[in-house]
Protein chains: 2
Amino acid sequence: MDISFLRREFGDRFIEDKVVASLYIRDASFIEVSQSIIGVVFPEDEEEVVELVRWAVRNKTPLFPQGCATSLSGNAIATTPGLVVSFERMAKVEIDPIDGVAVAGPGVKLEELNIELARHGLFFPVDPGSVKSATVGGAIANGAGGMRGAKYGTMKDWVLGLRVVTGRGDTLKLGCRTYKCRNGYDLVRLFVGSEGTLGLVTEATLKLAPIPESATAVLAYYNDVETLVEDVVKVRANRVWPLFAEFLDAPTSALVGLEEKNALFLGVDVNTGAEERLLKKLRELIRGEIAQEAAGWEAAMKLLEPRRKLFYGQITAARGGVLVIEDIAVPISKLPDAVRGLKAVAAKHGVPLLLGGHVGDGNLHPATWYRREEGPAKVEKFIKDMAELVAKLNGTISAEHGVGILKKELARAELGETTLSYMRELKKLFDPYNILNPGKIF
Amino acid sequence: MDISFLRREFGDRFIEDKVVASLYIRDASFIEVSQSIIGVVFPEDEEEVVELVRWAVRNKTPLFPQGCATSLSGNAIATTPGLVVSFERMAKVEIDPIDGVAVAGPGVKLEELNIELARHGLFFPVDPGSVKSATVGGAIANGAGGMRGAKYGTMKDWVLGLRVVTGRGDTLKLGCRTYKCRNGYDLVRLFVGSEGTLGLVTEATLKLAPIPESATAVLAYYNDVETLVEDVVKVRANRVWPLFAEFLDAPTSALVGLEEKNALFLGVDVNTGAEERLLKKLRELIRGEIAQEAAGWEAAMKLLEPRRKLFYGQITAARGGVLVIEDIAVPISKLPDAVRGLKAVAAKHGVPLLLGGHVGDGNLHPATWYRREEGPAKVEKFIKDMAELVAKLNGTISAEHGVGILKKELARAELGETTLSYMRELKKLFDPYNILNPGKIF
């Protein structure tokens, strides 16, 4: 393998030091990785990315693209002794408030983007749990979702155009700078959620939204999940489309500092001046015990803060054990069945269970864990039964975290061999030498 | 060719009569078609669609899928002596207001779907000009857009799942019933806008939205387009995201019964009770002469009615000539340049020009026409210059009507040979025998 090329072309932007490089091998998925890699390289522009792909093809060496490695499915892990490509240095952003777009490098962080956008009364609505560190490139690779998914959709709905380098070393300019674009097949959305396996994103044109004038929110406690879900549906049936409708089960609520009851965080974007009327409407519709109310955009966002501690609450509960965070979605009508079923399956296999997620789009994140010394056997049985339950409820085992390494078997079962074979052929078309993030999805 | 199979399997759902069949050869694009086809077949379920594809492969005979043939780019035209597959009979729909989805056959009409949905306080937001007759299958094939594109996006944002039959006769179940779905590559969106060239859609799972509580709208006249565009941008910068922002130039305004001035139809969805405050805000922000105001959802929709007459206005103006309706989009900041440039190019080549479109997403529909006896030479020169102008303004020559037959050359120039070659390989992957709507896009 020709390492000298990397040394010559990238200088101190190519890190070979084993200790430093080892920091770039893992992601947030708790998957243990032991093998070493060639190193980490930090390209600064598209031309360098093209050179890297050509080098990888010549040297039959895999490239592992990386944003901030917040993946929970192992999408960002270097599984073989290849080269990690970090996009940290490709973090330029151009905001055009008139066109309503931002043109961003893959290394731009979503939170930083939103701080800039706020000056123009705009925001980028995709809001994954990892929003403080997640990057544009990573969010595209993962097809990120989050708390505003029910109303604002996910990453696929907010990427207008892409520049990508395929596994053949071709540079493709896809999509448009305009909101509407119908020039041939929609390759932009084929790349969104492809987990870095079809091409490396070097630039993204993102659609922006005006920040709503105002918002209201309530925090309500429930004895049973059925009523909680019914209330969210009732609000929507009354021509109110919640901005967020987040759920924590009783033990999780306690972990993030709330009462030990099922909690619903329900937020609605409204016109200035309409806050009180909407709160009145929510009070009439909601049967849970309303513990907090908020009027105004900032206040509504603040009310949601305990929900953002979900991940830390789960880590705390696992107490050094290996945390496994699942990511299912079921049709909203099936949410109570899913909660009941998950509790039963966890009890059956004697594994701990914490539940939280997004009611508005049926997306739950069941969390469980095991001690290293006891091994994952019980948790694996739980996951198998969970997948069966999800299939029975017409849901999906991968709502927003992607397939990565952890969900390969489950995705295979859900998709079926025929669909999977078309996906494999697509992979071959864009990356015939299998150098782009190999070992993921399939 | 084995016609007996069609006769035996489809009985009176296979029409061979040349006169009746000739009704299914054309679409709304004014492209003249003279050759005859084998006939029209009306499958009733997915199994019959699979049989048709297998028959087509065996007999090397193209299939031309058809909804209501409202395409303006020639996407729905039978260009060779093949078989038209009409989805008229596959028009079942199941609405689930709790899950917020509709599962619809390809033959369901968008307008009929919306009539059903209104009973549940829901609607399907994609609103193309042809909404009264456009079908779900056709809207998917075309990736339809329309008047709510700036806020609600286009068809790609509202299709959650698909069942399709590929050109190899495989049935694929793609996507999910849930709003979030990340099980492998996003093939759903690869099919949306693929113009029937990759597979035949047999069922679609659509995302639904609650009808906004209320709305306000104004009709304002402007002396210059610059101020009109600036006003729309200003409204958005004040944290108001218009539901629609439609534009007609002076001659078009006159054609649909308004004053002969540049007209802006600006609608905003609001909370009940906030109508008057929003109208006041619009009055303050807008510098045009406000000729009409509306408060309430129905009133706002009614104010927009003259805009919906655009197509008929254009037909009237063409007086039996061959009407050519283009479909460009430019970044919003470039709209005034686009309007000025189009007028200059039309004057240069001495062709008539009517302008209307969607300011909120930069999508204009320049319309021109020619007499059959004089031929299209001047109009072709106009289109060539229009495409150059659009490229210079960083726009697209196909915003929402698709490539079809009319835009093949322009799309080739816009996409470039490399991207196009990947698209051709995709076509080969899904339809290796080139039996699905051949002669379109490429």
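Residues numbered from 1 in each chain as written. Chains lettered and ligands numbered in written order. Predicted model: local features only at pLDDT ≥ 70, side-chain atom pairs only at ≥ 80, totals over all residues. Heavy atoms only, no water.

### With respect to a nonpolar patch on the surface
Residue and element names in this part refer to chain A. On the surface, a cluster of nonpolar side chains totalling about 290 Å² of accessible area is made up of Phe-30, Tyr-312 and Ile-315. You can see Ile-315 is positioned in helix α13 (residues 310-318). Overall, Ile-315 belongs to the partly exposed group, its relative accessible area being 35%. (Patch = residues over 30% accessible without salt bridge, like charges linked within 9 Å, V, L, I, M, F, W, Y side chains within 5 Å. Areas by Shrake-Rupley, 256 points an atom, 1.4 Å probe, with all protein chains shown as cover. Salt bridge = Lys/Arg side-chain N within 4 Å of Asp/Glu carboxyl O. Helix = DSSP H or I, 4+ residues; strand = E, 2+ residues; numbered from the N terminus. Buried < 20%, exposed > 50% of the residue type's maximum accessible area, 1.4 Å probe, protein only.)

### Observations regarding the pairing of strand β13 (residues 244-248) of chain A
Residue and element names in this part refer to chain A. The buried fraction of β13 amounts to 5 of the 5 residues, a majority that puts the element mostly inside the structure. What you see with β13 is no split at all: Phe-244, Glu-246 and Leu-248 on one side and Ala-245 and Phe-247 on the other are buried throughout. Of the strand pairs in this sheet, β13 and strand β14 (residues 262-270) are connected by 5 bridges, and their pairing is antiparallel. Paired with Ala-245 across the bridge in β14 is Leu-266. Where β13 meets strand β18 (residues 356-358), 3 bridges bridge the pair, whose relative direction is antiparallel. Its bridge partner lying in β18, Leu-248 is registered against Gly-356. (Pairing = 2+ DSSP bridges.)

### Thoughts on the sheet that holds strand β9 (residues 171-175) of chain B
Residue and element names in this part refer to chain B. One open sheet holds the 5 strands; their spatial order is β5-β6-β10-β8-β9, and the pairing between them is antiparallel. Only two strands of the sheet have a single neighbouring strand rather than two, namely β5 (93-96) and β9. Mean inter-strand twist for the sheet, computed between neighbouring axes without regard to direction, equals 15°. Of the pairings in the sheet, the one linking β5 to strand β6 (residues 101-104) comprises 4 bridges and is antiparallel in character. Following the sheet pairing, Glu-94 is matched in β6 by Val-103. Across the sheet, helix α3 (residues 46-58) touches β8 (159-166), β9 and β10 (199-207), and the angle it forms with β8 is around 45°. (Axes fitted to C-alpha atoms, helices over the stretch in contact; angles between N-to-C directions. Contact = heavy atoms within 4.5 Å.)

### As for the nonpolar core
Buried together is how nonpolar side chains tend to be arranged in soluble globular proteins. Counting 233 residues, the largest nonpolar core has Phe-124 and Phe-430 of chain A together with Phe-124 of chain B as the members making the most contacts within it. Each residue touching Phe-124 of chain B, except ones within four places of it in the same chain, is listed here: Leu-110, Leu-113, Asn-114, Leu-117, Arg-148, Met-155, Trp-158, Leu-206, Lys-207 and Leu-208 of chain B. (Core = buried A, V, L, I, M, F, W, Y, C linked by side-chain atoms within 4.5 Å.)

### Brief notes about the domain arrangement of chain A
All names here are of chain A. What the domain assignment lists for chain A is domain 1 (93-210), domain 2 (214-308) and domain 3 (310-401). Relative to domain 3, the C-alpha centre of domain 1 lies at a distance of 29 Å. Counting from both sides, the interface comprises 8 residues of domain 1 and, opposite them, 5 residues of domain 3. Buried area between domain 1 and domain 3, both sides added, is near 420 Å², and the carbon and sulfur share of it is 42%. Sorting the residues of domain 1 by area buried against domain 3 places Asn-142, Gly-146 and Ala-150 first, and these three jointly supply 64% of that buried surface. At the surface where domain 1 touches domain 3, the tally comes to 2 residue pairs in polar contact (both at pLDDT 80 or more). A per-class count over the side of domain 1 that touches domain 3 returns 3 nonpolar, 5 polar and no charged. (Domains from an automatic or database assignment. Buried area = accessible area lost by both parts, 1.4 Å probe. Polar contact = N/O pair within 3.5 Å; in protein donor to acceptor, adjacent residues only side chain to side chain. Nonpolar A, V, L, I, M, F, W, Y, C, P; charged D, E, K, R; others polar.)

### Quick look at the packing of helix α8 (residues 225-237) of chain B against helix α14 (residues 335-349) of chain B
All names here are of chain B. Packing of α8 against α14 brings their axes to within 9 Å, and their N-to-C directions diverge by 155°. Classed by the angle they form, the pair α8 and α14 counts as roughly antiparallel. Once α8 is placed against α14, the crossing between them reads as right-handed. Facing α8, whose interface residues are Val-225, Glu-226 and Val-229, α14 presents Leu-335, Pro-336, Val-339 and Arg-340. Looking at the contact of α8 with α14, its residues break down into 5 nonpolar, no polar and 2 charged. (Parallel < 35°, antiparallel > 145°, perpendicular 65-115°, else oblique. Left-handed = near helix turned anticlockwise from the far one by under 90°.)

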